[in-house]
Amino acid sequence: MLEIEIDGKKLTVPQGSTVMEAAHSVGTYIPHFCYHKKLSIAANCRMCLVEVEKAPKPLPACATPVTDGMKVFTHSDLATKAQKGVMEFLLINHPLDCPICDQGGECQLQDLAVGYGAGASRYQEEKRSVAGKDMGPLVSAEEMSRCIHCTRCVRFTEEIGGLQEIGMANRGEHSEILPFLGKTVDSEISGNVIDLCPVGALTSRPFRYSARPWELSRRRSVSPHDGLGSNLIVQVKSHEVKRVLPLENEELNECWLADRDRYSYEALNGADRLTRPMVKQDGKWLETDWAGALDYVSHALKDIVARDGADAIGFLASNHSTLEELLLVKKLASALGTGNVDTRGRRADFRADGKQQGALWLGRSVASLSTLKSALLIGSNLRKEQPLIAARLRQAVKKGTQLNVLALADDALLCDTRVKTVVKPSALVDTLARVLRAVAEAKDASPTVDVRNIEADDDARAIAASLIAAEGDAAVLLGAQAEHHPRFAELLALANDIARLSGATAGVLGQAANSVGAELVCRPATGGRHAGAMLSEPRQAYVLLNTELDFDTANARQARAAVANAKMVAALTAFRTPELLEYADVLLPIAPFSETAGSFINMEGRLQTFNGVVRPLGETRPAWKVLRVLGNLLGAAGFDYETAEDVRVEALEVAGDLATRLNNGVNGVAVSLAVPAAAGLERLADVPLYATDALVRRAPSLQQTREAREAALARVHPDTLAQLGLEHGAQALAVQQGGEARVTIEADAGVPPGVVRLAAALAETAALGGFFDTIELKRG
C-alpha cells in the first residue's frame, strides 16, 4: 500500500493504482472522457490533467501511476487552466446542435462544458464536418461531427466484444471513427457503445428522436431473457417503455447489457400485442370479455376431466414466466387432478427425471467465473446463448483462465482456447467420456460411469490436465446444445463425474430467465407427464403459458400435430400470432414482464424481484391474476391471493432453501458408449440469438440485424456439399420427419462433415422435426 495526498486528503491505495482510481476511492471527481474503469487506458482526451507536486507540467490522472508520498491537486489553478484549455480544443470543431441532439440532457461534454468551457469561442475558422456512418440497425452514427475521438467505442469492441468492429482512421483534425469498410457493427453486445459514448455521436437508432431524457421516468427491472438475469433501468414516458439501459451490478451484468436485453422492448407495443380476450367460434375469432373467456376455459376443462379424466389435460409453460406464474400453473394442474405440467419444451431427454439430486444450476456464482483457473465448455454456442457470460469469460482468459471447449461447430469465441474439439452431435457423449477416462487415469480414481471400454486421446488428456491443475478452481459447464441433446442425461452424468474427480464444479448454463425457478416449482408431479410425453402422446386439452409451440419446443412438427386434434387449446399469451390463431381455441392476453410484478431465480440461484413499470396495455392482465381467477372458477382451494407478493411467499416456501435445493448431481443414469450413429446427415439446430423468446422474436430492430437475417441459412461443410452435389448460395429442400423447408445453403468449414446446421425456433423451419434428428438436403 502506498500513501498519497489528494487535495489535502491523505489516503492509502494499492501499488499499481492510478491517480484517477485513487481519487475515485475518496469521492474526488476528476473530469474525463476517454477513461472508463472497464477499458484500457488511452489518455488521449487529456481532460483529466491534474497538478502533481514536483512534476514540471500537468499529468493525465488516468495514466499516472501513484507513487509513495505523491501530492496531487485536482482543482489547483494549474490543473483548472489545463482542463479549460483542453475543453476549448474539444469544442473547436464540435457542432452547436445540443437542442436537436439525442444526447442532450445526459451529455458528458455538455455537463463539463458548463464547468470548464468559456463563454464564447475564440475559433474563427470553419468547423470541420464528418459524414455519418452506417453501423447497422441498432447503433446510429449519423452525426459523427460530434465525435471527440475518446476511442471508448474502439476499445470496447476490441477488448470487451472481442472483435474490433470499429476503428479510428486518419490523423489529427482528419481523424474519424468508423466501422470497417462495407461492414456494420454486428456484435451481440454492440449497444454498449451507445452508453460509452460521452457525446451524441453514437446513439440508439430505435430510440432516436422518440423522447428527451428529462421526460423519462427511470424504473428498475430484471431482464426476462437468458439465465443471467441482467439488471435493467427501464425508461418510461406516458406509460410506454421508450428505452432500456443497464443497471450496474458487478456480480451479474457488470455495467453492460446484451443487445436482446436492450432492444427487445420494441415488442411491448408492437402491432401483434393481444389486448382483448378472443374465442374461436365456428372457425372464426371473436373478441370477448374476460368473464366470457374465463368461463369458456373453466367449463371446457371441467368437461374434459369429467369425460376423459384429468390425464387428458396438459399444461405447458415457458421458463421465461415468473416464479409466481409457474407456481399457480402447477397448482391449477393439481387442482384438476393432473401432474401433466412442464416448462422444458425444448428438452428432448428426460431420463434424469426422478434421478436428479436437485434443481440444475450454474454450480457456482456468476462472478466467480471471472477468477477460474480452468473451464470446460460442453455443447454451447456461448456468444449467442449467453452474451455477457461469454464477455466475462473472455476477460478471464486474458487473466490466465484456460478455456477448453467440446463443441458441435467451430464457433468463434473471440478468445484463446487451450483445447477446442469439434465433433458431430452423435459423437459428443463418447468425446466427453474420453475426458472422464483421462481424468480417472490421471487421478487413479474410479468414476461412477464405466468408461473402461473407451480410450482417452491427446485432447482429452490435455483437458483433464487443465482441470486437475486448477486444484478445485475449475468449472465444467453444459450449454444449450448439450441441454437440448437427445442424450442430455448422459452428458450430465459424465460432466458430474469429471467435476467430482477433478475437483471442479459442474454446472448448467440456464437458457431462460427463470430456468432454475421452473425446476424448483413447476416440474411434473409424480406420475405426471413431462413436456415430451405430452406432445408425443397427444392430450385432449392444452393450457399454454407464454409458450408458442412452433418456436419453443424440441420438435415443432410433433407439437403442432399434438394440438391439431385437441378439443381445447387455451393460450395465455401477450401476442396474437398467426400460428396461435391456427391451433388455439381461446387467447387470454397476459402482461409481459414490464406490466406485471414477479420474480426470477437466475442461473446462480439468485432470487430477483421486480414490479411492473407501465400499466397493462388494453385489457391485458397479469398472468398470476388470470390463473388465480381460473382456480376460483374451478372451485380449487388455495387461490385466494391479494397481491403478487402473497403468491411469491408461497412459491418460495415450495422452492425451499435454495442452498440445499440446487444440485446438479444425478444418480442411476445409464451411459452407453460407442453407439452407432444413425445413417444420413445429422441436424444441428440452435435457437438463434434473436429467437429465444416471444419478445426478441418481435423486436423489429433485432430482426433487422445480420444475425437475424442469416439465422435460417443451412450451413454445411464444403466436403459434404460436394458429396450432395450442392453449392454455396444454392436453394435446397430440407426434409425431416415428413416436413419440408426451403433453405439457402451456406458453405461453412466450421460445421463437421455429415452435419447440417439449421436453426430451430424460426417460422422458416417450423415444419421440420427434432433438433438433432437425421435430415435430408435435396436440390431445390
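Residues numbered from 1 in each chain as written. Predicted model: local features only at pLDDT ≥ 70, side-chain atom pairs only at ≥ 80, totals over all residues. Heavy atoms only, no water.

Undergrad: Sorry if this is basic, but what is going on with the pairing of strand S15 (residues 284-287) here?
TA: Moving residue by residue along a regular strand, the side chains alternate between the two faces of the sheet. The pairing of strand S14 (residues 278-281) with S15 spans four bridges and is antiparallel. Within S15, the position partnered with Val279 by the bridge is Leu286. The turn joining S14 and S15, which pair antiparallel and follow one another in sequence, is formed by two residues; a positive phi near 55 degrees is taken by Asp282. (Pairing = 2+ DSSP bridges. Helix = DSSP H or I, 4+ residues; strand = E, 2+ residues; numbered from the N terminus.)

Undergrad: Can you walk me through the UniProt feature "domain: 4Fe-4S His(Cys)3-ligated-type" (unreviewed entry) in the protein chain in this structure?
TA: UniProt's feature table lists "domain: 4Fe-4S His(Cys)3-ligated-type" (unreviewed entry) at residues 78-117, given in the numbering used throughout. Structurally, residues 78-117 is divided into 60% helix and 0% strand, and its ends, taken at the C-alpha atoms, are 16 Å apart. (UniProt positions renumbered as here; feature names shortened; annotations may be inferred.)

Undergrad: Please explain unusual backbone geometry as it appears in this structure.
TA: Most peptide bonds are trans, and most residues other than glycine sit at a negative phi. The backbone phi angle of Ala43 is positive, close to 55 degrees, even though this residue is not glycine. Of note, Ala43 is situated in the loop between helix H1 (19-25) and strand S3 (49-52). Under the relative-accessibility criterion, Ala43 is labelled buried at 14%. One non-glycine residue, Asn546, lies in positive phi territory at about 55 degrees. Within the secondary structure layout, Asn546 lies in the loop between strand S23 (541-545) and helix H17 (556-564). For Asn546, a relative accessible area of 26% puts it in the partly exposed group. (Buried < 20%, exposed > 50% of the residue type's maximum accessible area, 1.4 Å probe, protein only.)

Undergrad: Just checking my understanding: could you explain the pattern of salt bridges for this structure?
TA: A pair can form between side chains of opposite charge whenever their charged atoms are brought close. Counted by the stated rule, this structure contains 56 salt bridges. With its nearest N and O atoms 3.3 Å apart, the salt bridge here joins Asp308 to Lys567. Residue Asp308 is found in helix H7 (residues 290-308), and its partner Lys567 is found in the loop between H17 and strand S24 (568-573); the two are separated by 259 residues along the sequence. Under the relative-accessibility criterion, Asp308 is labelled partly exposed at 34%. The partly exposed category is assigned to Lys567, whose relative accessible area is 43%. Residues Glu490 and Arg487 are paired through a salt bridge, measuring 2.7 Å at the closest nitrogen-oxygen approach. (Salt bridge = Lys/Arg side-chain N within 4 Å of Asp/Glu carboxyl O.)

Undergrad: Before we go on, may I ask you to explain the sheet that holds strand S30 (residues 731-736) in this structure?
TA: Backbone-to-backbone hydrogen bonds join strands into a sheet, with any given pair of strands oriented parallel or antiparallel. With respect to topology, six strands assemble into a closed barrel ordered S28-S32-S29-S31-S30-S33, the strand pairing being mixed. Within the sheet, the average angular offset between the axes of one strand and its neighbour, ignoring direction, is 45 degrees. Bridge count for strand S28 (residues 681-684) against strand S32 (residues 755-757) is three bridges, and the pairing is parallel. The residue of S32 that forms the bridge with Arg683 is Val756. (Axes fitted to C-alpha atoms, helices over the stretch in contact; angles between N-to-C directions.)

Undergrad: For this particular structure, what's the right way to read the domain arrangement of the protein chain?
TA: One frequent convention defines the size of an interface as the accessible area lost when the parts assemble. If you check the domain split of the protein chain, you get domain 1 (2-203), domain 2 (213-267), domain 3 (278-353 + 515-660), domain 4 (366-509) and domain 5 (681-779). Here domain 3 and domain 4 have C-alpha centroids that lie 35 Å from each other. Between domain 3 and domain 4, a total of about 900 Å² is buried, with carbon and sulfur atoms accounting for 58% of that surface. Across the domain 3-domain 4 interface, the total number found is two salt bridges. The partner of Arg351 in a salt bridge is Glu490, with the nearest N and O atoms 2.6 Å apart. At the junction of domain 3 and domain 4, the tally comes to five residue pairs in polar contact (both at pLDDT 80 or more). (Domains from an automatic or database assignment. Buried area = accessible area lost by both parts, 1.4 Å probe. Polar contact = N/O pair within 3.5 Å; in protein donor to acceptor, adjacent residues only side chain to side chain.)

Undergrad: Whenever I open this one, helix H10 (residues 387-398) confuses me. Can you help?
TA: An α-helical turn contains 3.6 residues, so any two residues separated by three or four positions project in the same direction. Under the 1.5 Å per step criterion, the end-to-end length of H10 is 17 Å for 12 residues, consistent within 8% with the ideal 16 Å. For H10, the buried fraction is high: 10 of the 12 residues fall into the buried class. The set of residues buried in H10 consists of Pro387, Leu388, Ile389, Ala390, Ala391, Arg392, Leu393, Arg394, Ala396 and Val397. The secondary structure elements touched by the buried residues of H10 are helix H4 (152-160), helix H6 (259-263), helix H9 (382-385) and strand S19 (402-407). Residue Gly400 follows H10 closely and has a positive phi angle near 120 degrees. (Expected span 1.5 Å × (residues − 1). Contact = heavy atoms within 4.5 Å.)

Undergrad: Help me out: how do you make sense of the sheet that holds S23 in this one?
TA: In spatial order, the strands read S15-S14-S25-S24-S23-S16-S17; together these seven strands make up an open sheet with mixed pairing. Lying at the two open borders of the sheet, with one neighbouring strand each, are S15 and strand S17 (341-342). Two strands pair when backbone bridges link them, and S24 and strand S25 (residues 586-589) are joined in this way by four bridges, in the parallel orientation. Across the sheet, residue Leu572 finds its bridge partner in S25, namely Leu588. Contacting S14, strand S16 (313-317), S23, S24 and S25, H7 crosses the sheet at an angle of about 130 degrees to S25.

Undergrad: Is there a simple way to explain helix H3 (residues 108-116) in this structure?
TA: Those residues of H3 lying buried are Gln108, Leu109, Leu112 and Tyr116. Buried residues of H3, viewed axially, fall in a sector of 85 degrees; they line one side. (Arc of directions from axis to C-beta.)

Undergrad: I tried to follow the UniProt feature "domain: 4Fe-4S Mo/W bis-MGD-type" (unreviewed entry) in the protein chain on my own but got confused; where do I start?
TA: Annotation from UniProt places "domain: 4Fe-4S Mo/W bis-MGD-type" (unreviewed entry) at residues 216-272. Secondary structure over residues 216-272 splits into 9% helix and 35% strand, and the C-alpha atoms at its two ends are 25 Å apart.

Undergrad: Honestly, a negative patch on the surface in this entry has me stumped. Any pointers?
TA: On the surface, a cluster of negative charge is contributed by Asp640, Glu642, Glu645 and Asp646. Looking at where Asp640 falls in the secondary structure, it is placed in the loop between helix H19 (623-633) and helix H20 (644-655). (Patch = residues over 30% accessible without salt bridge, like charges linked within 9 Å, V, L, I, M, F, W, Y side chains within 5 Å. Areas by Shrake-Rupley, 256 points an atom, 1.4 Å probe, with all protein chains shown as cover. Lys, Arg positive; Asp, Glu negative; His and termini not counted. Charge placed at Lys NZ, Arg CZ, Asp CG, Glu CD.)

Undergrad: Would you explain the nonpolar core in this entry?
TA: Soluble globular proteins tend to pack their nonpolar side chains together in the buried interior. Phe33, Leu202 and Ile389 are the most contacted members of the largest nonpolar core, which totals 71 residues. A total of six residues in this core trace back to one element, the largest contributor, which is H10. Apart from the residues lying within four places of it in its own chain, the contact partners of Phe33 are Cys45, Met47, Met87, Leu90, Gln108, Leu109, Leu112, Ile148, Cys150, Arg152 and Pro198. Grouped together as the second largest cluster of nonpolar side chains are 62 residues, Val423, Ile454, Leu467 and Ile498 included. (Core = buried A, V, L, I, M, F, W, Y, C linked by side-chain atoms within 4.5 Å.)

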